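Analysis of the macromolecular model
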Amino acid sequence: MMVIFLCYVNTQVSADDGEESDFEDWVIMEGLELVIEAEAPRQDVNPAVPERSALGARANIVSGEQIQQQGSLDFSDTLRNVPGVIVGQRNIAGTTTGSSLYVRGRGYSHPSTEITVHFDGVPRHGFIFGQSMADGIPVNVINHVEVRKSPQPSEFGAGYALINIEPRYMDEYGWITEGGFSAGSFSTFSQNAAFGLRSGRFDIFAAQSWVSTNGHVVHSGARQQSYYINTGLLLNANWELRFLANYAAGFTEQAPYTGQSWDDILSSYRTNSFFSTITLRNEYANAAGFLRLYYTNTQFQWLDEDDEIPGDWSLQSLQAFGARAREEFSIFDRGLIAVGMDLDWKLMVNEDHNPHRQTIITTFPAMILYSPFFGASWMFGSEEGFRIMPSAGIRGFLHSVWANQLSWQGGLAIGWRNLDLNFNYSRGLIFPAPAVILGLLNFNLFNTTDLSRIEPETIDHFEAGITLTNQSGSRFSFSLDASYFYNIGRNRIILVSQVPGNASAVSSFALQGLELAGSFGFSPARLLADTIEIFAGGTWYTDLTAVDEDGNVARKMPFTPLFSLSAGFRWVFFENFSLSGDLKYLHEFYSGGLGLSPSFTEPLAENRLNDIFLLNLRAGFRFENTNWRLMDSELFVSVNNVLNVRYEYYAGFVMPGITFMIGFNFRFR
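A quick note: this is a predicted structure, and the numbers were derived from the prediction, not measured. (Residues numbered from 1 in each chain as written. Predicted model: local features only at pLDDT ≥ 70, side-chain atom pairs only at ≥ 80, totals over all residues. Heavy atoms only, no water.)

Re the overall build of the protein
Just so we agree on the cut-off: To qualify as a helix, a DSSP run of H or I must reach at least 4 residues; to qualify as a strand, a run of E must reach at least 2; elements of each kind are numbered from the N terminus. Exposure classes here rest on a 1.4 Å probe applied to the protein chains alone. A residue is buried below 20% of its type maximum, exposed above 50%, and partly exposed in between. Any two residues whose heavy atoms approach within 4.5 Å at even a single point are treated as in contact. Per-residue and other accessible areas follow the Shrake-Rupley method at a 1.4 Å probe size, with only the shown protein chains counted as cover for residues.
Scanning the protein from N- to C-terminus turns up three helices and 42 strands. Taken over 669 residues, the protein has a buried fraction of 57%. Partitioning the intrachain contacts of the protein with sequence separation of at least 6 by distance along the chain shows that 64% fall at a separation of at least 24. Accessible area of the protein: about 27400 Å², with a carbon and sulfur share of 61%.

Okay, here's the thing in structure tokens:
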């Protein structure tokens with residue numbers, strides 16, 4: 001007797017999982033034979049216009065195609081076209097220590113856990129000080145990046161914002177072999193290779209990459225190598241088991257600031273990162289979810305840390321393991337219930353090596369965070385006509401060191417056809433970075449009882465937005481989005497006189513602004529205009545106010561430009577030729593930081609940087625040969641900083657002028 005199973009698989013954006021598939025698979029099993037017919041990935045995704053989930057959470061998506069058009073050499077550069085996101089850089093490629101990601105005015109503190117970086121929906125960042133650890137994340141295995149610019153308790157746990165990298169896997173039936181090479185200014189070189197196979201119940205995708213550059217000034221080079229595998233097994237019509245592993249090794253030199261000489265001691269940074277996940281996914285007609293276990297081990301070494309002491313270095317040894325579980329239930333195609341939990345167990349050691357004194361090794365207490373959550377929404381009306389959709393969520397935080405807490409959210413979406421109005425409130429929590437108790441541990445002043453009374457920093461986030469779209473499948477499409485956001489933050493935690501507490505240089509702050517974004521797509525299928533795509537997004541800050549415990553007020557914040565603009569375009573002509581580009585503009589932009597009390601000051605005049613206006617262009621020629629099974633291959637040349645603008649993200653660290661890259665990508669199928 002022949003048994004035929006029919007299953008529809010459609011993975012959606014959800015929680016820390018970040019599982020979004022750009023295709024829908026019809027899975028037909030006849031005995032052990034599996035046939036997959038996959039639709040092409042969506043082409044209308046752009047980094048400017050956010051997408052909203054049924055629970056009211058918004059996320060900006062940077063697709064793999066967009067990353068390729070940008071020619072991004074490292075992870076930090078993939079975010080350059082997301083409105084409200086600033087990436088601090090000193091090198092052509094590679095990342096140094098300290099804070100480097102800034103989302104709507106947050107992220108400038110160090111140490112800080114304001115912004116967390118996840119890979120495959122679980123943590124992969126610097127746990128002790130909170131830095132992004134971007135040198136440990138390869139670009140060629142990114143399917144897409146999700147940027148959540150506000151607290152969203154139903155989607156992720158502690159933190160003001162979340163950057164989640166969704167990794168690649170084999171989403172096509174059959175096999176592929178692909179790779180690419182590029183080279184350009186300052187001996188910059190990039191190479192990648194990958195192989196994928198999907199047959200029967202089994203799929204596998206394996207990739208390798210190498211990126212290196214000598215840098216635009218002396219001692220500003222970087223390199224990264226990576227090895228990656230993502231494999232899956234369909235257990236039956238409803239369940240799938242997946243395994244992912246990645247090893248990445250990076251090395252970045254600290255670029256000198258203006259005025260430094262060749263004889264000065266300059267730092268270097270070495271990152272070795274191993275990361276793995278095991279995921280059990282399920283998909284039913286009215287339910288979908290997953291259970292994911294993870295383990296990550298990162299060794300981050302800071303060489304020549306002290307510019308006065310040759311040979312001084314430090315090491316952060318970071319290990320974490322835990323789980324993510326989430327299940328979503330659809331109720332009569334109108335309601336959604338999401339329930340799940342996060343579990344993180346972090347083990348951290350910091351070594352401080354100095355040739356003039358005894359080595360200091362700090363072992364942090366195991367930090368365990370258990371975080372269950374619940375979210376629900378219901379739609380009144382119809383998707384095609386008038387509709388009202390309220391939503392709510394709550395999350396608990398049970399911490400082994402800091403005080404236990406709750407966060408919550410509520411939202412209301414009102415829509416009519418292609419028009420949507422949405423109103424959201426959410427409370428976010430930021431637990432102190434472990435580095436704030438470094439002194440307590442070193443001086444044997446650590447007291448778990450005292451620390452358990454310290455409450456996390458709180459962020460009350462309000463946002464209202466309007467979205468108008470036309471994605472009817474016609475030759476013309478557009479999407480317009482406007483949102484107003486208002487944040488109130490309280491209780492920033494720092495270390496004061498070896499005693500951590502809720503007294504700090506910034507005891508409260510208020511930040512509000514307006515964000516506008518839009519995209520336009522036109523496919524006339526003409527010789528000179530096969531496809532035209534344009535996107536743009538701008539962020540204005542209408543109020544920036546920080547107040548310390550003594551009442552001192554600052555109205556400027558570092559890495560929070562008064563106005564920022566990002567835009568991009570893609571033009572396909574003569575069928576196989578394309579021209580794409582992007583630009584960035586930052587106005588009234590400060591580096592530096594807010595000083596500690598009692599010398600609390602806003603960024604000084606000398607910390608104000610020149611306005612930044614960057615234009616990047618890329619021209620490509622697409623080719624294929626069916627006899628050789630060659631498809632979706634491309635020759636390209638790119639020019640960054642076309643106008644040769646002199647600019648800085650940090651005062652004294654001048655970024656490169658005009659740079660060139662030439663290369664090709666190939667795919668056999």
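A few points about unusual backbone geometry
Trans peptide bonds make up most of the peptide bonds, and negative phi angles are found at most residues other than glycine. The phi torsion at N641 lies on the positive side, around 50°, for a residue other than glycine. Within the secondary structure, N641 sits in the loop between β39 (630-640) and β40 (648-650). Non-glycine residue N644 carries a positive phi angle of around 55°. Structurally, N644 can be placed in the loop between β39 and β40. Here N644 falls in the partly exposed class, since its relative accessible area comes to 48%.

Section: empty space enclosed by the protein
Here is the rule: Only protein atoms enter the 1 Å grid, on which a cavity is a set of points fitting a 1.4 Å probe that cannot get out and a pocket is an open set with protein on both sides within 12 Å along at least 5 of 7 lines, lining residues being those with an atom within 4 Å of a point. Grid points are joined across faces, edges and corners, and a volume is the space filled by probe spheres set on the points. Gly is placed with the polar residues, together with every amino acid not listed as nonpolar (Ala, Val, Leu, Ile, Met, Phe, Trp, Tyr, Cys and Pro) or charged (Asp, Glu, Lys and Arg).
Using the criterion set out here, one finds 15 cavities of 30 Å³ or more in the structure. The calculated volume of the largest cavity comes to roughly 390 Å³. If you go around the largest cavity, you meet 25 residues; those closest to its centre are T116, A158, D344, K346 and L369. Looking at side-chain class alone, the lining of the largest cavity contains 13 nonpolar, seven polar and five charged residues. Computed from the structure, the second largest cavity encloses a volume of approximately 210 Å³. Around the second largest cavity, the lining comprises 20 residues; the ones closest to its centre are G56, R58, S150, Q152 and E463. Only β5 (58-63), β10 (142-148), β26 (419-430) and β27 (457-470) provide two or more residues apiece to the lining of the second largest cavity. Of the residues belonging to the lining of the second largest cavity, the class tally is six nonpolar, eight polar and six charged.

Here we look at a negative patch on the surface
Quick note on the threshold: Exposure above 30% relative accessible area and no salt bridge define the residues that can form patches, which grow by joining like charges within 9 Å and nonpolar side chains of Val, Leu, Ile, Met, Phe, Trp and Tyr within 5 Å. Definition used for salt bridges: Asp or Glu carboxyl oxygen within 4 Å of a side-chain nitrogen of Lys or Arg. For the purpose of charge, His is not counted, nor are the chain termini; Lys and Arg are scored as positive and Asp and Glu as negative. By convention, the charge on Lys lies at NZ, on Arg at CZ, on Asp at CG and on Glu at CD.
Residues D263, D264, D307 and E308 make up a contiguous surface patch of negative charge. Mapping D307 onto the fold places it in the loop between β18 (287-303) and β19 (313-331).

A short note on the side chain of Q254
Here Q254 shows up in the loop between β16 (239-253) and β17 (268-283). Accessibility expressed as a relative area gives 11% for Q254, which makes it buried. Those residues in contact with Q254 that sit more than four places away from it in its chain are R90, T96, H219, L266, S267, S268, Y269 and F653.

Re the packing of aromatic side chains
Note the following rule: A pair of Phe, Tyr and Trp rings is counted when the ring centres sit within 6.5 Å of each other, with Trp represented by its six-membered ring. The angle between the planes then sorts it: under 30 degrees is stacked, over 60 is edge-to-face, the rest tilted.
Under the counting rule described, the total for this entry stands at 30 aromatic pairs. Geometrically, the ring pair formed by F119 and F275 is edge-to-face, given 5.2 Å between the ring centres and 80° between the ring planes. Taken together, the positions of F119 in strand β8 (residues 115-119) and F275 in strand β17 put the pair 156 residues apart, joining distant regions of the chain. F275 carries the same exposure label as F119, and that label is buried.

Concerning the pairing of β18
Which entries qualify depends on this criterion: Strand pairing is defined by DSSP finding a minimum of two bridges between the two strands.
One ladder, built from 16 bridges, connects β17 with β18; its direction is antiparallel. Bridge pairing in β18 links F275 to T296. Here β18 pairs with β19 via 17 bridges, running antiparallel. Paired with Q301 across the strands is L315, a residue of β19.

Focus: the sheet that holds strand β9 (residues 122-123)
Sheet architecture is open: six strands sit in the order β4-β5-β10-β11-β8-β9, paired in mixed fashion. The open sheet has two edge strands, β4 (51-52) and β9, and neither has a second partner. As paired elements, β5 and β10 share four bridges and run antiparallel to each other. Looking across to β10, one finds that V62 is bridged to V145.

Observations regarding a nonpolar patch on the surface
Together, F181, F189, L527, L528, F574, F577, F621, L635 and F664 give the surface a local cluster of nonpolar side chains, amounting to about 800 Å² of exposed area. Its place among the elements puts L527 in the loop between β31 (508-522) and β32 (531-547). Here L527 falls in the exposed class, since its relative accessible area comes to 57%.

As for the pairing of β26
Across eight bridges, the pairing between strand β25 (residues 405-416) and β26 is antiparallel. Among the inter-strand pairings, A413 is bridged to a residue of β26, identified as N422. Hairpin geometry of β25 and β26 is characterised by an intervening segment of two residues between the two adjacent antiparallel strands and by a positive phi of about 55° at R417. One ladder, built from 12 bridges, connects β26 with β27; its direction is antiparallel.

A short note on the confidence of the model for the protein
For residues with low pLDDT, the predicted coordinates do not support detailed interpretation. This is how the line gets drawn: The predictor reports its confidence for every residue as pLDDT, a score running from 0 up to 100.
With 88% of its residues at a pLDDT of 70 or more, the protein shows a mean pLDDT of 87. Per-residue pLDDT, averaged within each element of the protein, yields its smallest value for strand β1 (residues 4-9) (32) and its largest for strand β14 (residues 202-213) (98). Predicted confidence for residues 1-43 stays below pLDDT 50, and this span has 122 contacts to residues more than four positions away or in other chains. Across residues 495-499, confidence stays below pLDDT 50; counting only partners more than four residues off in sequence or on other chains, it has 10 contacts.

Here we look at the pattern of salt bridges
Side chains bearing opposite charge may pair, as long as their charged atoms lie close to each other. By the definition in use, this model includes 33 salt bridges. For R148, the salt bridge is made with E146, and the minimal N-O distance between the two is 3.8 Å. As far as burial versus exposure is concerned, R148 and E146 are alike and both buried. With its nearest N and O atoms 3.4 Å apart, the salt bridge here joins R622 to E624. R622 sits in the partly exposed class, given a relative accessible area of 34%. A cluster of three or more residues bridged by salt bridges with shared partners is formed by R58, R104, K149, E463, D481 and E515.

Focus: the side chain of Q301
Mapped onto the secondary structure, Q301 falls in strand β18. Setting aside residues no more than four positions away along its own chain, Q301 makes contact with S268, Y269, R270, W313, S314 and L315.

Some details on the environment of H587
If you trace the backbone, H587 turns up in strand β35 (residues 577-587). Residue classification places H587 among the partly exposed positions, given a relative accessible area of 24%. Between the alpha carbons of H587 and P561 there is a distance of 5.6 Å; along the sequence they are 26 residues apart. Each residue touching H587, except ones within four places of it in the same chain, is listed here: P561, L562, F563, R608 and D611.

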